[in-house]
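Below are the chains, spelled out letter by letter.
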Amino acid sequence: MPVFMIDVLPADAPPTDLDATVRRVDDGVATLDVRDLGPSRGDGIFETIGVIGGHPQALDAHLARLANSAALLDLPVPHEAQWRRAIGRAAASLPADRQGGLKVVLTRGLEGPGAPTGWIVATPADGDFPERETGIRVVTLDRGYASDVAVRAPWLLPGAKTLSYAVNMAALREARRRGADDVIFLTSDGFVMEAPTSTVILRFGDRIVTPRTDIGILPGTSQLSVFAFAAARGLHTVEAKIPVARLAEADAAWLVSSVRLAAPITHLNAAAMGVDVELTRAMNDALLARQA
Ligand code: PLP
């Protein structure tokens with residue numbers, strides 16, 4: 001797994017040799033100070049970017065979300081050209097004949113100096129994602145926040161992709177204990193949110209619906225691509241506040257994310273759901289065919 005360490009530049013740095021600010025680190029060579037506030041407090045942000053044929057997917061949307069997360073955490077504005085260059089190098093390090101992913105991380109750095117730390121880990125996929133065809137079983141779990149959390153308690157950082165994913169991972173373990181593969185989080189006042197690492201998309205007839213992000217969820221880059229694909233097919237795309245009761249009424253449902261892409265939901269809380277095989281295939285074909 002190639003690792004790239006980044007000498008993080010301020011957004012307004014004068015022109016410089018950007019390649020010289022990105023170092024590929026050999027296996028077994030130390031990369032990180034254990035006092036870094038990223039690993040020790042989860043105080044940082046990240047993006048997971050899919051790579052196909054050596055090309056990072058939906059890069060503009062990922063960089064926009066990284067910048068938004070940085071702003072929400074009062075981290076320095078990322079130097080866009082530097083991160084583009086680093087991401088391009090990391091993507092090109094993966095085998096061109098396999099899919100893969102990049103974990104792109106920016107932390108608050110060491111306590112004291114205030115200099116952020118940045119790195120990218122490039123990982124080739126170890127399989128061909130059979131769940132894009134076979135689907136996933138999903139359970140609903142309470143996330144514990146009401147749908148107005150972003151207004152009432154913005155310091156909880158809804159909408160920021162922070163490194164603090166222990167809760168998300170615990171929810172996935174709870175799903176496995178319940179015999180499922182994944183989770184749909186619900187607000188405490190009963191609205192559909194997102195999954196621990198993906199966005200929820202539903203089909204009702206010719207309407208493709210996803211939860212509104214202002215209830216305190218991440219804007220999904222894959223969801224954006226799916227909406228562009230759906231609109232091009234003449235489907236209506238809608239962002240809405242979705243009461244939990246609507247989930248079971250959907251004609252089809254998916255969890256979508258950057259590396260797994262679109263996984264159709266076959267069961268919701270153990271009850272079978274409709275699967276739209278043709279639309280799922282077309283959706284994944286469109287996601288795989290993206291050029292950027
Ligand atoms: N929601 C959460 C909480 C996530 O962690 C992710 C993926 O990282 C997503 C949604 C889906 O985002 P994307 O489509 O950009 O991978």
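Values in this document were obtained by computation on a predicted structure and should not be read as measured data. (Residues numbered from 1 in each chain as written. Predicted model: local features only at pLDDT ≥ 70, side-chain atom pairs only at ≥ 80, totals over all residues. Heavy atoms only, no water.)

## Structural notes on the nonpolar core
Moving on, step 1. With 24 residues, the main nonpolar core has Ile45, Ile49, Trp83, Ile87, Leu102, Val104 and Ile120 as its most contacted residues.
Moving on, step 2. Taken together, the elements giving at least two residues each to this core come down to strand S1 (3–6), strand S3 (44–52), helix H2 (59–72), helix H3 (80–92), strand S5 (100–107) and strand S6 (117–124).
Moving on, step 3. Sequence-distant contacts of Ile87, that is, excluding residues within four places in its chain, are made with Ile49, Pro56, Leu59, Leu63, Leu102, Val104 and Ile120.
Moving on, step 4. Grouped together as the second largest cluster of nonpolar side chains are 19 residues, Ile184, Leu186, Val192 and Ala250 included. (Core = buried A, V, L, I, M, F, W, Y, C linked by side-chain atoms within 4.5 Å. Buried < 20%, exposed > 50% of the residue type's maximum accessible area, 1.4 Å probe, protein only. Helix = DSSP H or I, 4+ residues; strand = E, 2+ residues; numbered from the N terminus. Contact = heavy atoms within 4.5 Å.)

## A word on the environment of Ala171
Moving on, step 1. With respect to the element layout, Ala171 can be found in helix H6 (residues 166–177).
Moving on, step 2. For the pair Ala171 and Ala250, spaced 79 residues apart in the sequence, the C-alpha separation amounts to 23 Å.

## A closer look at the site of the ligand
Moving on, step 1. Of all residues adjacent to the ligand, which total 17 residues, the nearest are Lys161, Tyr165, Thr221, Ser222 and Ser258.
Moving on, step 2. A distance of 2.9 Å is found between a nitrogen atom of the ligand and a side-chain nitrogen or oxygen belonging to Glu194.
Moving on, step 3. Between the ligand and Ser222, the relevant distance is 2.6 Å, taken from an oxygen atom to a side-chain nitrogen or oxygen of the residue.
Moving on, step 4. Summarising the interface, the protein chains cover 97% of the accessible area of the ligand, which totals 390 Å² for the free molecule.
Moving on, step 5. When grouped by side-chain class, the residues that make up the shell around the ligand number five nonpolar, nine polar and three charged. (Near = heavy atom within 4 Å. Polar contact = N/O pair within 3.5 Å; in protein donor to acceptor, adjacent residues only side chain to side chain. Areas by Shrake-Rupley, 256 points an atom, 1.4 Å probe, with all protein chains shown as cover. Nonpolar A, V, L, I, M, F, W, Y, C, P; charged D, E, K, R; others polar.)

## Things to note about the sheet that holds S6
Moving on, step 1. One open sheet holds the six strands; their spatial order is S2-S1-S6-S5-S3-S4, and the pairing between them is antiparallel. Strands at the two margins of the open sheet, each flanked by one partner only, are strand S2 (22–25) and strand S4 (55–56).
Moving on, step 2. In this structure, S1 lies alongside S2, joined through four bridges in antiparallel fashion. Bridged to Val3 within S2 is Val25.
Moving on, step 3. Its contacts with the sheet place H3 against S1, S2, S3, S4, S5 and S6, and it is angled at close to 145° to S5. (Pairing = 2+ DSSP bridges. Axes fitted to C-alpha atoms, helices over the stretch in contact; angles between N-to-C directions.)

## Considering the pairing of S6
Taken residue by residue, a regular strand's side chains alternate between the two faces of the sheet.
Moving on, step 1. By the bridge criterion, four bridges tie S1 to S6 in an arrangement that is antiparallel. When the bridges of S6 are listed, Val3 appears paired with Val121.
Moving on, step 2. Examined bridge by bridge, S5 and S6 share eight bridges and lie antiparallel to one another. By the bridge assignment, Thr107 is partnered in S6 with Thr117.

## Here we look at the pattern of salt bridges
When the charged atoms of two side chains lie near each other, side chains of opposite charge can form a pair.
Moving on, step 1. Throughout the structure, instances matching the rule amount to 18 salt bridges.
Moving on, step 2. Asp60 serves as the salt-bridge partner of Arg84, at 2.6 Å between the closest nitrogen and oxygen. Taken as a pair, Arg84 in helix H3 and Asp60 in helix H2 lie far apart in primary sequence, 24 residues in all.
Moving on, step 3. Linking Arg260 and Asp182 is a salt bridge whose minimum nitrogen-to-oxygen distance equals 2.9 Å. A residue pair is termed long-range when its members are at least 10 positions apart, and Arg260 in the loop between strand S12 (252–257) and strand S13 (261–268) and Asp182 in strand S8 (residues 182–186) qualify at 78 residues. The two residues Arg260 and Asp182 agree in class, both being buried.
Moving on, step 4. Members of the salt-bridge network, linked through shared partners, are Asp19, Arg85 and Arg89. (Salt bridge = Lys/Arg side-chain N within 4 Å of Asp/Glu carboxyl O.)

## Some points on the packing of aromatic side chains
Moving on, step 1. All told, the structure shown has one aromatic pair when counted by the stated rule.
Moving on, step 2. Taking 5.0 Å as the distance between ring centres and 80° as the angle between the ring planes, the aromatic pair formed by Phe46 and Tyr165 counts as edge-to-face. Remark: Tyr165 occurs in the loop between helix H5 (149–152) and H6 and Phe46 occurs in strand S3; sequence separation between them is 119 residues. Across the pair, exposure class does not vary: Phe46 and Tyr165 are buried alike.
Moving on, step 3. A cation sits over an aromatic face here: Lys241 above Phe191, 4.6 Å from the ring centre.
Moving on, step 4. Its guanidinium or amino end placed over the ring of Phe204, Arg246 lies 4.2 Å from that ring's centre, counting from NZ or CZ. (Phe/Tyr/Trp six-rings, centres within 6.5 Å; stacked < 30°, edge-to-face > 60°. Lys NZ or Arg CZ within 6 Å of the ring centre and 35° of its normal.)

## Topic: unusual backbone geometry
Moving on, step 1. In this model, Ala58 sits at a positive phi of 50°, which is unusual for a non-glycine residue.
Moving on, step 2. Within the fold, Ala58 resides in the loop between S4 and H2.
Moving on, step 3. What makes Ala58 buried here is its relative accessible area of 10%.
Moving on, step 4. Here Leu157, not a glycine, exhibits a phi torsion of approximately 65°, which is positive.
Moving on, step 5. The partly exposed category is assigned to Leu157, whose relative accessible area is 26%.

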